[in-house]
Amino acid sequence: MTDLADVIGRAVLADAGIGPDQALTDDEHLALVAAGARAEHEVRAILQSAVTAARAGGASWARIGSELGMTRQAAQQRFGGRAGSSRVAVGDLAAERWLGPVTAFDEMAELELAGRAGWRTVEAGTLAHRMVRTDTQWEHRRILWRASLAAEQADGWEVGCRAFPWIYLVRDRGVPAVTPGA
């Protein structure tokens, strides 16, 4: 874990705008506190997303709890919250909706249907996607988290959202959205 701690430590220093050989003032110490708090928030969100992805992939609460050094019940209580969303009707004309519940097994098919109706993902939560409606159809693609997306961007994909361990890419098809009954 030393490598991970080193990477996180360097990221916190960079976020606080502090160089490696810099003497710290009171304000810079406080900047480190703020950057550390932001890092903690991000790491907690990554852990929540990892647990959600593991559950969607079929991992039991007992196995997840074991990995986290806690009981099945403790893991489920801490990470088992459900998004308070309901499945969106593809033809809904509102500008923004949550699509869900969806799992790793069915979300791509659901995103495909929604994309044809002009919906694109902009956020992924626990078992749900926040979608924004447009006038054109969208393609959705899910890939494992990585630093460089140059190849995908060269093919016209853009990041719809990141939900560790996934990155959801979207690409405008450039054709009108399909409306219900059309």
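Check the entry above for the structure.
What counts, and at which threshold
- Residue indices begin from 1 for each chain and proceed along its sequence in written order.
- In keeping with the model being predicted, local features are shown solely for residues with a pLDDT of at least 70 and side-chain atom pairs are shown and tallied solely at 80 or more, while totals for entire chains, interfaces and linings include all residues.
- Side-chain numbers come from the whole structure's heavy atoms, not from hydrogens or water.
- In short, DSSP must find at least two bridges between two strands for them to pair.
- Secondary structure is summarised from DSSP: a helix means a run of H or I of at least four residues, a strand means a run of E of at least two, and numbering begins at the N terminus for each.
- Axis geometry follows a simple rule: fit a line to the C-alpha atoms, using only the stretch in contact for helices, then measure angles between N-to-C directions, giving values from 0 to 180 degrees.
- Contacts were defined at the residue level, with two residues in contact if any of their heavy atoms lie within 4.5 Å.
- Every angle not falling under 35 degrees, over 145, or within 65 to 115 is termed oblique; those three ranges are roughly parallel, roughly antiparallel and roughly perpendicular.
- Under the convention adopted here, Pro, Cys and the residues Ala, Val, Leu, Ile, Met, Phe, Trp and Tyr are nonpolar, Asp, Glu, Lys and Arg are charged, and Gly plus all remaining residues are polar.
- Side-chain rings of Phe, Tyr and Trp, where Trp is taken by its six-membered ring, are said to pair if the distance between their centres is within 6.5 Å; with planes under 30 degrees apart they count as stacked, over 60 as edge-to-face, and otherwise as tilted.
- Over a ring means this: the NZ of a Lys or the CZ of an Arg is within 6 Å of the ring centre and within 35 degrees of the ring normal.

Asks: Which parts of the structure should I look at to understand the sheet that holds strand 6 (residues 166–176)?
Replies: One key point about sheets: their strands pair by backbone hydrogen bonds, in either a parallel or an antiparallel sense. Strand order in this open sheet of 3 strands is 4-6-5, and the pairing throughout is antiparallel. Both edges of this open sheet fall to strand 4 (136–144) and strand 5 (158–163), since each of them pairs with a single strand only. Within this sheet the neighbouring strands show an average axis-to-axis angle of 25°, counted without direction. Pairing geometry for strand 5 and strand 6, over 5 bridges, is antiparallel. Looking at strand 6, one finds that Arg-162 is bridged to Ile-167. Helix-sheet contacts for helix 5 (residues 107–116) involve strand 4 and strand 6, and the interaxial angle to strand 4 is about 160°.

Asks: Before we go on, may I ask you to explain unusual backbone geometry in this structure?
Replies: Note on backbone geometry: most residues besides glycine have negative phi, and most peptide bonds are trans. Backbone torsion omega between Gly-100 and Pro-101 reads 0°, so that peptide bond is classified as cis. Tracing the backbone through its elements, the reader meets Pro-101 in the loop between strand 1 (96–99) and helix 5. A cis geometry characterises the amide bond from Phe-164 onward to Pro-165, with omega recorded as 10°. Structurally, the position occupied by Pro-165 is in the loop between strand 5 and strand 6.

Asks: What should I look at first to understand the packing of helix 3 (residues 61–68) against helix 4 (residues 72–79) in this one?
Replies: Helix-helix packing is described using two parameters, namely the angle between the two axes and the distance between the axes. Taken N-terminus to C-terminus, the directions of helix 3 and helix 4 make an angle of 95°; their axes are 7 Å apart at the nearest point. The orientation of helix 3 with respect to helix 4, classified from their angle, is roughly perpendicular. On helix 4, the residues touching Trp-61, Ala-62, Ile-64, Gly-65 and Leu-68 of helix 3 are Arg-72, Ala-75, Gln-76 and Phe-79. Across the contact of helix 3 with helix 4, the residue classes break down as 6 nonpolar, 2 polar and 1 charged.

Asks: For this particular structure, what's the right way to read the packing of aromatic side chains?
Replies: Given two aromatic rings, one states the distance between the centres and the angle between the planes to describe the pair. Under the definition given, this model contains 1 aromatic pair. Above the face of the Trp-138 ring, Arg-120 is positioned so that its terminal group lies 4.7 Å from the ring centre. Directly above the ring of Trp-157 sits Arg-141, whose terminal nitrogen or CZ lies 5.8 Å from the centroid.

Asks: Looking at this structure, I do not really get the sheet that holds strand 3 (residues 128–133). What am I missing?
Replies: Across the sheet, which stays open at both edges, the 3 strands sit in the order 1-3-2 with antiparallel pairing between neighbours. Each having just a single partner strand, strand 1 and strand 2 (119–125) make up the two edges of the open sheet. The sheet shows a mean angle of 30° between the axes of neighbouring strands, direction not considered. Across 4 bridges, strand 1 lies against strand 3 in antiparallel orientation. Its bridge partner being in strand 3, Arg-97 is matched across the sheet by Met-131. Together, strand 1, strand 2 and strand 3 form the strand contacts of helix 5, whose direction differs from that of strand 3 by roughly 10°.

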